[in-house]
Structures are given as structure tokens and as C-alpha cells.
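Below are the chains, spelled out letter by letter.
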There are 2 protein chains.
Amino acid sequence: MTKHPALPDNIAYWVGVDGGGTHTRARIRNQKGELLGEGRAPGSNLELGIDLAQRHVLGAVRDAMTAAQLPDSALARMSAGLALASAELESCYRDFLAQPLPFAETRLTSDAFGACLGAFGGGEGAILIAGTGSVGLIFQGGRIRTCSGRGFPISDLGSGAWLGLRAIQQSLLCHDGILAPSLLAVRLLDHFGRDQAALVRWAAQAIPADYGRFAPWVFDAATDEDSLAQALLSETRDQLETLIGGMLAQGASQVALLGGIGERLRPRLGHLPLVTPQADALEGAILFAKRKELPCLHP
Amino acid sequence: MTKHPALPDNIAYWVGVDGGGTHTRARIRNQKGELLGEGRAPGSNLELGIDLAQRHVLGAVRDAMTAAQLPDSALARMSAGLALASAELESCYRDFLAQPLPFAETRLTSDAFGACLGAFGGGEGAILIAGTGSVGLIFQGGRIRTCSGRGFPISDLGSGAWLGLRAIQQSLLCHDGILAPSLLAVRLLDHFGRDQAALVRWAAQAIPADYGRFAPWVFDAATDEDSLAQALLSETRDQLETLIGGMLAQGASQVALLGGIGERLRPRLGHLPLVTPQADALEGAILFAKRKELPCLHP
């Protein structure tokens, strides 16, 4: 069996982990690059707490190990590339790596950089992820720059959470007679039993994912030719265009647009130099584990 | 001494209370309408909790009684008009009135209706309050309609809180190189020691008043000809125009524009039929106590 030249003797497996606010996914490959197994766990955004993030990262890896039929002892022979949301915040990054981890070696980066490495096969490039949140990243000249992505509501324009919030705001204005009647508004207010107090109580507890859950309602109502929904999608599209335009102005030549909102709005951004990603963020995380020359967020 | 014809024998004083999210104010007048005293307490928005709201309402009234040199026994001879934020939510309204209150009689309405009654001397009219939050109200044909005002971030467009949020959002985009450099962005980011993690931690705890605190920074930077700040003020102005336009479309003939943001943007809304209020919300609350024919929010 030929070994990868950079592979230390004690490493038999590569594991890539992609962790966001709601999901963590893990993928294990062997020395030859063959897929052994994949696993899942709840979110491991480092802002959710270092302990929780570590538990879910290990949960996803153990789930992948089960799928791969690997024994517990395999953990100590893994080289792990962890691409976790909020790793761009230095304190989160350092706190996470300060904890004992069971892998033979661990490299930590952000989910956005993992996605970028996946999208461009480890090469330089730029991505914009527009899902529940939004975050852009430019990897160029060996340097990483992050755009947006500091969380809802202070950041993350062009995201599903922001779109859902705007849908609720404008629907309330329709209900008040300030804006014209709208199918989307009727559906949203009906969802809350036409009870404003219920909506207010919901909002007092709502997290970004709760707002993001209404984003598909906007796409559906736009398909049904609701003009409010169409205006909201144009607004989101404009926000994505601003983000992509700003990344291009900083020297990105091509941008991979990812995430549920990004994918659905891509047809409306066809005039921009968008590219299809080569692979996913899990593959990017594995590449990050393998290639030690890839830049570290906090050297 | 001539008594007001509608004044019951047991009533010697009228007290008006105006309670919002951050402040509660009380004013006591005697049977002749003479001002006896005024008082203050922290916020009594009913959404902050019924007990807390009652404590702060009574705190403001007792503060006014101290100023008026009235004994404790005067409470039982007062007719109280309470104009409290969130009284438009039926459950809040009923829960508050279900508690024992020390006044001879108590009538509860919203801070917005109190402001409207004050602005139009008890007559019909329409108001838009744009302070930390925003709320519009139309009193017409004996009916009250509320617009916006369901709280940040699902409502309250055109408010200081929303303006502050947008200022932070766009400043982060300036910092990321997505938007052009801006004086406002530099000032805001310097305030957080140019530490994004500090800003993210602040946002995780921020309440609407925290966002609203940055609204004056936008006005200041606009005066200093910062184009981002000017764009943000135009955006807020447009939101107020949408709200006022919607109220006019519903039959309001004139609108009193109140609140710190409203007052500062009034010069930019000169093409709309805006009127100067006759009196404040405390006077409106006293009018509400006096005139039993004024409509109740939840009959």
C-alpha cells in the first residue's frame, strides 16, 4: 500500500467535520482517500458553547465511525480537519483548541473556509453561503478575509433568517393596512391564528432558525405571484449582489454561491461570475487536515 | 367651589400616567385642573411584566404625590388614566386590570392612545411616535386602529432601535470592505475597540434601547456629511413616510409625528400633513380618565 507522502505513521484516517448552527456533519476517509463513513449531530457553532460544540463534533465523528465500523481506538489514529462556525472569533478558536481532543492531530478553521476549500478543491477562491445565516469568504494570496457572517440580526443580510424577519415585518404592515393586502401576509398571520399577541410572544423567544423557517414561505408565495413576496426576494437578491459585488471589488474573480437561499436565488444573479463548487465543506475540512500549508485563521 | 359635572363625590384628583419601555411619568391635577405635581419611575411597558409595570406606575404616582405634598390617603380619591405600552395586547390589558389597584377608579389604554388624545386635545386624530420604538395610531369614527409598534425587531420600522441596528449592520459591511469606508462605521467600530467578538457579544445581550443609543450617532455623522449616515437617515425617513402614507390612506387627515426620531426627521417630511401636538401623553391620559365616552381598547 502506498502512503500519502505527508501522512505520519500514526495516522490511518482523515476525518472532516462541518459544523454550523443547526447541524454537524462528519466524513471519514482512509489513507487511500476511500470513503469509510459519514455521521451527523446537532449544531457545533462555537458560540453555542465550547463544551457543547466539542460534544457534537465528537458525536458526529462517532456516528461516522459507527457507519464505518471503526473501533473507538481509531480516534487516536485520525487526523481531523474541523470546519466550525465562529472559529473566526479568536477567543472561540483558542478556547476550543485548549480542550483535550482525542484525535492524533486536529486543525480547526471556520465552516466558511471549509466550504471554500471544498468549492475550489483546496485552491484559492471565494464563497458566499446564504442559508439560515450568511457569510462570505475570500481566500486569495494565501490570506483569508471574511465578509458578513457575524450573526443575526447585526449581520447576515441576504440570509433566510433576515428574509423571514422581513416577511414578518411587512406582513404586519399589511395587516395594519399600511401596505397592500398580500397572500404571504395572510398565510403568515393565519399561522399565528391571526393573534398578534401570539406573534409577539413567539418573537420574544425566536432564534435565527425560527425566522429562517419562514423563508420558504416567501419563495412559495412569490411562485403564487404575491407581489410582497416578490419584492422581498428582490431585496434578498440585492443584498446578495451587494455582498458578491463587494467581494469581486476586493479581487475575487469568481464566487461559489452556496446555501439554500443562495441556491434558490442563483438564477437571478446570472450576470455575476458565479461558479459551481467542486466539492462540499466536508471535503474542504479533510483537505484542511491534509494540507498543513493552508492558512490558519489565528496563527 | 364648582365641581366638574362628571366628577363623582369621592374623586378629588385626576392622575395621568404615560408608561413606555424605559420611563413612566405621572401627573396629578386637582378638580379645577390645576397642576399639583409630576413624578417619574422606570418603564412600565406591560410586556416587562404585570407586577413590574404596576410597581413602576405606582412609583411614578407616589413620586408625583410627594411633589404635590399629598398624603397616602389621596390615592383612594384619585381617578387614574393609565396610558401604558402594550395595553393594546388584550391579555396584558386584562391581566393588569385584574390586579388590585389603589385608585378610586382606573381606566387603562395604550401609551399611543394617550399620546393621540394629548396631541388632539381629546378629539379624533392620528399620531406616529418614532422614538426607541415606533407606533402609529388612528382614532377616527370612535374607533382606534394601531399601526406597527409590535416591538423590535419584528416591527417598529422607522424607530431609533431599527436605525441603530442598520447602522451596525452597514458599518460591519464597511469594515469588511463590502461597502465604501465611512466615518460612522469608524466611530461605531472604534466604540467596540475594533473588536468584532466584543460587538458580537454585545449584540447577544442587546435590547432595543441599546440599539437605539446609536441612533444619535447616525444624525451626528450625517451632519458631518458621512454618506452612509445620510443613506440610513433617508431609509428611516422612507419608513416613516410609508407609515404616515398608510395612515393617510386609511382616512387620517393629519398626523402628529412624535418621539425623538420623528422630531429630528420632521423637516424631511414637510410635504406631508403633519401637525404640532396640542399637549403631551400625560395630558391625554388625564383626558382618558375624565371622559368615560372615549373608547376602550378591549371593551
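Note: the structure precedes this text.
Residues numbered from 1 in each chain as written. Chains lettered and ligands numbered in written order. Predicted model: local features only at pLDDT ≥ 70, side-chain atom pairs only at ≥ 80, totals over all residues. Heavy atoms only, no water.

## Focus on the relation of the copies chain B and chain A
The transform that puts chain B on chain A rotates by 180° and translates by 0.0 Å along the axis, for an RMSD of 0.0 Å. Taken together, these values place the two copies in the relation of a two-fold axis. Relative to the rotation axis, the C-alpha of Pro153(B) is the closest in chain B, positioned 4.2 Å from it. A symmetric contact is evident, with 100% of the interface residues of chain B recurring at the interface of chain A. (Least-squares fit on C-alpha atoms with pLDDT ≥ 70 in both. Contact = heavy atoms within 4.5 Å.)

## Description of the pairing of strand 5 (residues 105-109) of chain A
Looking along a regular strand, one sees side chains alternate from face to face of the sheet. Residues and elements named next belong to chain A. Across 5 bridges, strand 4 (residues 78-84) lies against strand 5 in parallel orientation. Residue pairing for strand 5: Ala83 is matched across the bridge by Thr109. In this fold, strand 4 hands off to helix 2 (residues 90-98), which returns the chain to strand 5; that crossover is right-handed. (Pairing = 2+ DSSP bridges. Helix = DSSP H or I, 4+ residues; strand = E, 2+ residues; numbered from the N terminus. Right-handed = clockwise from strand over helix to strand, strands pointing away.)

## Points about the layout of surface pockets
Taken as a whole, the second largest pocket spans an internal volume of roughly 500 Å³. In terms of lining residues, the second largest pocket is bounded by 23 residues, among which Arg166(A), Glu235(A), Gln239(A), Arg166(B) and Glu235(B) are the most central. Elements represented by at least two residues in the lining of the second largest pocket include exactly helix 4 (160-175) and helix 9 (227-249) of chain A together with helix 4 (160-175) and helix 9 (227-249) of chain B. A breakdown of the residues in the lining of the second largest pocket according to their chemical character gives 10 nonpolar, 7 polar and 6 charged. (1 Å grid on protein atoms, 1.4 Å probe; cavity = no way out; pocket = protein on both sides within 12 Å on 5 of 7 lines; lining within 4 Å. Points joined across faces, edges and corners; volume = space filled by probe spheres on them. Nonpolar A, V, L, I, M, F, W, Y, C, P; charged D, E, K, R; others polar.)

## With respect to the interface of chain B and chain A
Taken together, the contact between chain B and chain A spans 36 residues of the former and 36 residues of the latter. Summed over both sides, the interface between chain B and chain A buries roughly 2,800 Å², with carbon and sulfur atoms accounting for 66% of that surface. Considering only the surface of chain B that becomes buried against chain A, Arg150(B), Ile154(B) and Ile178(B) emerge as the three largest contributors, covering 26% of it. Here chain B and chain A share 2 salt bridges between them. Note that Arg150(A) is salt-bridged to Asp176(B), the shortest N-O span being 2.6 Å. Counting every contact that joins chain B to chain A gives 12 residue pairs in polar contact (both at pLDDT 80 or more). Within the residue set of the side of chain B that touches chain A, elements represented by two or more residues are strand 8 (143-148), helix 4, helix 6 (196-205) and helix 9 of chain B. Looking at which element gives the most residues to the side of chain B that touches chain A, the answer is helix 4 of chain B, with 9 residues. The class makeup of the residues in the side of chain B that touches chain A is 19 nonpolar, 12 polar and 5 charged. (Buried area = accessible area lost by both parts, 1.4 Å probe. Salt bridge = Lys/Arg side-chain N within 4 Å of Asp/Glu carboxyl O. Polar contact = N/O pair within 3.5 Å; in protein donor to acceptor, adjacent residues only side chain to side chain.)

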